[in-house]
Amino acid sequence: MPDGLLIVGDAHCRFDPVFGQGISVAAMEATALMGMLDESKHTKPGFNQRFHTKASRIIATPWKMSSTAVFRHPKVIGNRKWTVPLLQRYSKRVYERSSDNRDTYTRLIKVMNLLQPSTHLLHPKVAKDILLKSHVQIT
Ligand SMILES: Cc1cc2nc3c(=O)[nH]c(=O)nc-3n(C[C@H](O)[C@H](O)[C@H](O)COP(=O)(O)OP(=O)(O)OC[C@H]3O[C@@H](n4cnc5c(N)ncnc54)[C@H](O)[C@@H]3O)c2cc1C
């Protein structure tokens with residue numbers, strides 16, 4: 001990436017509109033860029049790469065959430081990592097448990113609203129509850 005060229009929003013990573021994440025991601029990237037520009041009045045070489053690293057961290061959670069969900073459809077083409085079926089089963093159980101576990105529900109809402117990374121749902125409290133109480137039939 002040449003210095004001086006910086007990509008934000010949909011031009012960098014476009015989300016399926018069904019998930020309603022694109023505006024939030026673009027706004028979070030704009031906020032991150034504003035913070036970086038406030039910190040250093042003059043952009044040094046590699047500024048764009050540092051920003052893109054920050055942007056990729058912003059993108060990671062919504063991308064994982066939406067790609068895990070769309071890969072449930074067998075006709076969706078893409079590189080299905082071996083972790084995808086595991087994440088699909090786990091997320092199904094998170095949804096099930098969030099119907100009567102307040103902590104799991106609160107964590108899920110925070111991740112869905114991009115306030116926390118997806119690892120927030122891998123907390124031992126959530127995993128233990130899923131292992132002990134989940135009755136969902138996984139096909
Ligand atoms: C049907 C649909 C529904 C959606 N629903 C949701 C939703 O409910 N929630 C949500 O969060 N996201 C939703 N999205 C996604 C969201 O709209 C985008 O993620 C968001 O608008 C991206 O912002 P952006 O600034 O990166 O790009 P854009 O909003 O596309 O802005 C790019 C701008 O650049 C202009 N432009 C392009 N080329 C040039 C040029 N050569 N010179 C000058 N100007 C140029 C364009 O005209 C445009 O105004 C939806 C998207 C679609 C298509």
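Parameters at a glance
Residues numbered from 1 in each chain as written. Predicted model: local features only at pLDDT ≥ 70, side-chain atom pairs only at ≥ 80, totals over all residues. Heavy atoms only, no water. Helix = DSSP H or I, 4+ residues; strand = E, 2+ residues; numbered from the N terminus. Polar contact = N/O pair within 3.5 Å; in protein donor to acceptor, adjacent residues only side chain to side chain. Near = heavy atom within 4 Å. Areas by Shrake-Rupley, 256 points an atom, 1.4 Å probe, with all protein chains shown as cover. Nonpolar A, V, L, I, M, F, W, Y, C, P; charged D, E, K, R; others polar. Core = buried A, V, L, I, M, F, W, Y, C linked by side-chain atoms within 4.5 Å. Buried < 20%, exposed > 50% of the residue type's maximum accessible area, 1.4 Å probe, protein only. Contact = heavy atoms within 4.5 Å. Domains from an automatic or database assignment. Buried area = accessible area lost by both parts, 1.4 Å probe. Salt bridge = Lys/Arg side-chain N within 4 Å of Asp/Glu carboxyl O. Axes fitted to C-alpha atoms, helices over the stretch in contact; angles between N-to-C directions. Parallel < 35°, antiparallel > 145°, perpendicular 65-115°, else oblique. Left-handed = near helix turned anticlockwise from the far one by under 90°.

An unreviewed UniProt entry lists the protein chain under the name 2-polyprenyl-6-methoxyphenol hydroxylase-like FAD-dependent oxidoreductase, with Cytobacillus purgationiresistens given as the organism.

1. Some details on the side chain of Arg 97
Position of Arg 97 relative to the elements: it lies in helix H3 (residues 83-97). For Arg 97, the side chain forms a polar contact with the side chain of Asp 129, separated by 2.7 Å.

2. Some points on the site of the ligand
In the region of the ligand, the neighbouring residues are Gly 9, Asp 10, Pro 17, Gly 20, Gln 21, Gly 22 and Ile 23. Separating an oxygen atom of the ligand from a backbone N or O atom of Gly 20 is a distance of 3.3 Å. Within the backbone of Gly 22, one N or O atom sits 3.4 Å away from an oxygen atom of the ligand. Compared with its free state, where it exposes 1,000 Å², the ligand has 28% of that area covered by protein. Among the residues making up the shell around the ligand, the classes are represented as 2 nonpolar, 4 polar and 1 charged.

3. Let's talk about the nonpolar core
One finds Cys 13, Phe 15, Val 25, Ala 32, Leu 33, Met 36, Phe 47, Phe 51, Ala 55, Ile 58, Ile 59 and Leu 114 forming the largest nonpolar core, which totals 12 residues. The set of elements that each furnish at least two residues to this core consists of helix H1 (22-39) and helix H2 (47-70). By residue number, the principal contributor to this core is H2, which donates 5 residues. With near-sequence residues (within four places) excluded, Leu 33 lies in contact with Leu 6, Val 8, Phe 47 and Phe 51.

4. Focus on unusual backbone geometry
Although it is not a glycine, Leu 114 sits at a positive phi angle of roughly 60 degrees. Looking at where Leu 114 falls in the secondary structure, it is placed in the loop between helix H4 (102-112) and helix H5 (124-133).

5. Let's talk about the domain arrangement of the protein chain
Each assigned domain of the protein chain is listed with its residue range as follows: domain 1 (9-70) and domain 2 (83-133). With 8 residues of domain 1 in contact, the opposing surface of domain 2 contributes 9 residues. Taken together, the two surfaces of domain 1 and domain 2 that pack against each other cover about 700 Å², and 75% of this comes from carbon and sulfur. Considering only the side of domain 1, the residues that lose the most area to domain 2 are Thr 61, Met 65 and Thr 68, jointly responsible for 64% of the buried surface there. Summed over the shared surface of domain 1 and domain 2, the result is 0 salt bridges.

6. Considering the packing of H1 against H2
Helix-helix packing is described using two parameters, namely the angle between the two axes and the distance between the axes. Their axes nearest at 10 Å, the elements H1 and H2 cross at an angle of 150 degrees. Here H2 runs roughly antiparallel to H1, going by the angle between their axes. Note on packing geometry: the crossing formed by H1 with H2 is right-handed. Touching Val 25, Met 28, Glu 29, Ala 32, Leu 33, Met 36 and Leu 37 of H1 are Phe 47, Arg 50, Phe 51, Lys 54, Ala 55, Ile 58, Ile 59 and Pro 62, all from H2. When grouped by side-chain class, the residues that make up the contact of H1 with H2 number 12 nonpolar, no polar and 3 charged.

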